[in-house]
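Structural overview for review
The lines below spell out each chain.
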Amino acid sequence: MIWRLGDRVLDFRARVQVMGILNVTPDSFYDGGRYADPGAAVEQALRLVEEGADLIDVGGESSRPPVYGQAATVPVAEECRRVLPVIEGIRRQSPIPLSIDTVKAEVAARALDLGADVVNDISALRDDPGMLAVVAAAGVPVILMHRRGSPTTMQQDTHYDDLLAEVRRFLEERVAVARAGGVAEGRIAVDPGLGFGKSPEGNLQLVRELGFLAPLDCPVLVGASRKSFIWKTLGLSPAEGLEGSLAVAALCVAGGAHLLRVHDVRATVRVVRMAEAVVRPAPAPEDGRQVPR
């Protein structure tokens, strides 16, 4: 499980990779409006790199659920206006791998032309019939997420007869579609879609039983950072979700996650490295002495 992205290599076998979130939107659920200015967004990206991010996920359209108030649908031209100057600005100053978080083929294509390395499609290639061709032609990795319904409707019905089986079956089918459409087998990651069409209890189950995705033999991304199931479980406000997010990050490391999508990079990197030290101990040398880390 290795992604070669320009001069960088993401080796998911060696350690969990941390993806820093960069929302260049006015209405994202946690940081909407903070980085709408391209200059501020580029500065934040460079800050996330300093904090230890392995890649940056740039998104120009909020997919927040209705619990936060309905997010506005963004036309292609507006989404490009938001994300393209940021990708271009980051790429001028850093070789950090960049992911474009979009469901629109044109946005993805233009972002890739400017130096983005990965496509993160929360619709799993369903919202735009042209997305698969863009990803396959570019030869870039793609992240496929489980989402039942649209951001507008996804929280209206969060009941599943068998949540784990339905999520895995959906992702199996979308992986098969991607491979049949020309995406290389080693260039696909899957995301169980925490917060997208799941109840708080369902999200906790996905974290608790994350190993259910191992049979897909794809890197597993988890995006739990600051989501409502965390602060609701703790009886806190949205602004008080850091510690809960870090706890979930540690549990996801133990559960087999390969990539964590987070707002709080520095703190998460520290938690992830500590969790790895516990659950993935360094191999002992042949003479029995402990290997220093």
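These figures come from a predicted structure and were not determined experimentally. (Residues numbered from 1 in each chain as written. Predicted model: local features only at pLDDT ≥ 70, side-chain atom pairs only at ≥ 80, totals over all residues. Heavy atoms only, no water.)

This part covers a nonpolar patch on the surface. Nonpolar side chains collect at one region of the surface, where Met274, Val278 and Val279 lie side by side and expose about 290 Å² of accessible area between them. Secondary-structure assignment places Val279 in helix α9 (residues 265–279). What makes Val279 partly exposed here is its relative accessible area of 39%. (Patch = residues over 30% accessible without salt bridge, like charges linked within 9 Å, V, L, I, M, F, W, Y side chains within 5 Å. Areas by Shrake-Rupley, 256 points an atom, 1.4 Å probe, with all protein chains shown as cover. Salt bridge = Lys/Arg side-chain N within 4 Å of Asp/Glu carboxyl O. Helix = DSSP H or I, 4+ residues; strand = E, 2+ residues; numbered from the N terminus. Buried < 20%, exposed > 50% of the residue type's maximum accessible area, 1.4 Å probe, protein only.)

We now examine the pairing of strand β8 (residues 188–191). Of the two faces of β8, the one lined by Ile188 and Val190 and the one lined by Ala189 and Asp191 are each fully buried. Across four bridges, the pairing between strand β7 (residues 142–145) and β8 is parallel. Pairing of Met145 across the sheet is with Asp191, part of β8. (Pairing = 2+ DSSP bridges.)

All right, on to the pairing of strand β3 (residues 17–23) then. Of all the seven residues making up β3, seven are buried; the element is thus mostly covered by neighbouring parts of the structure. Side chains Gln17, Met19, Ile21 and Asn23 project from β3 onto one buried face, and the interleaved Val18, Gly20 and Leu22 project onto a second face that is buried too. Judged from the four bridges that link them, β3 and strand β10 (residues 259–262) form a sheet pairing that is parallel. The residue of β10 that forms the bridge with Gln17 is Leu259. In the sheet, β3 pairs with strand β4 (residues 55–59) via five bridges, with the strands oriented parallel. The residue of β4 that forms the bridge with Leu22 is Val58.

Turning to unusual backbone geometry, a few remarks are in order. Although it is not a glycine, Ala124 sits at a positive phi angle of roughly 55°. By secondary structure assignment, the location of Ala124 is in the loop between β6 (118–121) and α4 (131–138). Take Ala124: its relative accessible area is 0%, and that puts it in the buried class. Notably, Leu125 is not glycine yet its phi reads approximately 70°, a positive angle. Tracing the chain through its elements places Leu125 in the loop between β6 and α4. Given a relative accessible area of 8%, Leu125 falls into the buried group.

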